[in-house]
Amino acid sequence: MRYARISAGGRAVWGRVGERDIELLSGSPLEEDDFGVIGTVPREGAHWLPPVVPPVFYAVGMNYPRHISHAGVSVPERPEVGYRANNALTGHLTPIVKPAEVTGRFEAEPELVAVIGRTLRHATHDEARGAVFGWTVGNDVSARTWQHQDRSFWRSKNSDTFKPMGPWIETDVDALAQTTTLRVNGETRAEFPTGDMVFDPFDFIVEITKHITMHPGDVLWMGAESVCQLEPGDTVEVDISGIGTLSNPVHLEGNDS
């Protein structure tokens, strides 16, 4: 099943995504089972929102061997996470806005995203696996000059629009058996096995819940093997087979295109 959030009638509405249409739902599949269909809209022309606004936005770094080797850092000995800001989220087909003052590398990273579906504390590996409601696609955009200048990632990874996510949540897929592809203007820039991670999502969920309660709607971004440069005027696509394709144009701040 594919679930999305779209803007309909001026408000955010959950929808069940079909091949041509989206069934609008009376409630959230993350919060209740008893929801009805309140309408239908075509997929074509839908205004896609981030498929969930997470209570907590967890993010993994340096979790693919090739990325670790390229960065020249040591392989992590245990799963550790960081955090990102919800203001950075944007949806499928909406612009990534490059701030006018950003210079140097402005990069995309294609990431698998786990969406948590139940409250968890001190989870076992099996419980962690069972707690994933579904999977979506993320693009971790970074301004590298800011990343190197600042003591934290507060603006380099958390500026508005720097975290496209979507287009929907896929609930019926073996996410770790898929292939992740990054394309810019239709040209493939990176391709790698999605599951070729140092630690899998369930390892991270087990580690997190030793100390922190996870809640329905929390998201866990799983890192990337490769990165690529973005320029205003580009269109960047992150495709994870079996899940979906997240596409966003890149705009320069102050310009419409």
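Above this note sits the structure.
Nothing here was measured: the structure is a model prediction, and the numbers come from that model.

Asks: Looking at this model, I keep getting lost on the environment of Arg155. Mind explaining?
Replies: Take Arg155: it is sitting in the loop between α3 (144-149) and β14 (163-170). Judged by relative accessible area, Arg155 falls into the buried class, the value being 18%. Expressed as a C-alpha distance, the spacing of Arg155 and Ser241, which sit 86 residues apart in the sequence, is 31 Å. Residues within four places of Arg155 in sequence aside, it is in contact with Glu101, Trp146, Gln149, Asp150 and Phe162. A polar side-chain atom of Arg155 sits 3.2 Å from a polar atom in the side chain of Gln149.

Asks: Honestly, the packing of aromatic side chains in this entry has me stumped. Any pointers?
Replies: Given two aromatic rings, their pairing is described by the distance between the two centres and the angle made by the two planes. For the coordinates displayed, the defined rule picks out eight aromatic pairs. Measuring from ring centre to ring centre gives 5.2 Å for Tyr64 and Phe192, while their planes differ by 70°; the resulting arrangement is edge-to-face. Highlighted residues: Tyr64 in the loop between β6 (57-59) and α1 (65-71) and Phe192 in strand β16 (residues 187-193), separated in sequence by 128 residues. Looking at Tyr64, the relative accessible area reads 1%, which means it is buried. Taking 5.5 Å as the distance between ring centres and 70° as the angle between the ring planes, the aromatic pair formed by Phe106 and Phe162 counts as edge-to-face. Taken together, the residues span a long stretch of sequence, with Phe106 in strand β10 (residues 106-108) and Phe162 in the loop between α3 and β14 at a distance of 56 residues.

Asks: What is the right way to look at the side chain of Asn139 in this model?
Replies: Mapped onto the elements, Asn139 comes out in strand β12 (residues 132-139). A distance of 3.3 Å separates the side chain of Asn139 from the backbone nitrogen of Glu109, its partner in a polar contact. Residue contacts for Asn139: discarding those within four places in its chain leaves Ile96, Ala108, Glu109, Phe162, Lys163, Pro164, Trp221, Val236, Val238 and Leu246.

Here is what the cut-offs are and how they apply
Numbering of residues begins from 1 in every chain and follows the order in which that chain's sequence is written. Reporting of local features is limited, given that this is a predicted model, to residues whose pLDDT is at least 70; pairs of side-chain atoms are given and counted only at 80 or more, and all residues count toward the totals for whole chains, interfaces and linings. Each side-chain value is worked out from all heavy atoms of the structure, with water and hydrogens disregarded. Numbering of helices and strands starts at the N terminus; helices are DSSP runs of H or I of at least 4 residues and strands are runs of E of at least 2. When accessible area is computed with a 1.4 Å probe and restricted to protein chains, residues below 20% of their type maximum are described as buried, those above 50% as exposed, and intermediate ones as partly exposed. Throughout, a contact is declared for two residues whenever any of their heavy atoms are within 4.5 Å. For the purposes of these results, a polar contact is taken to be a pair of N or O atoms within 3.5 Å, where, inside protein, one atom must be able to donate a hydrogen and its partner to accept one; residues adjacent in sequence count only when each atom of the pair is a side-chain atom. Any Phe, Tyr or Trp ring, taking Trp's six-membered ring, that has another such ring centre within 6.5 Å forms a pair; planes under 30 degrees apart are called stacked, those over 60 apart edge-to-face, and the others tilted.

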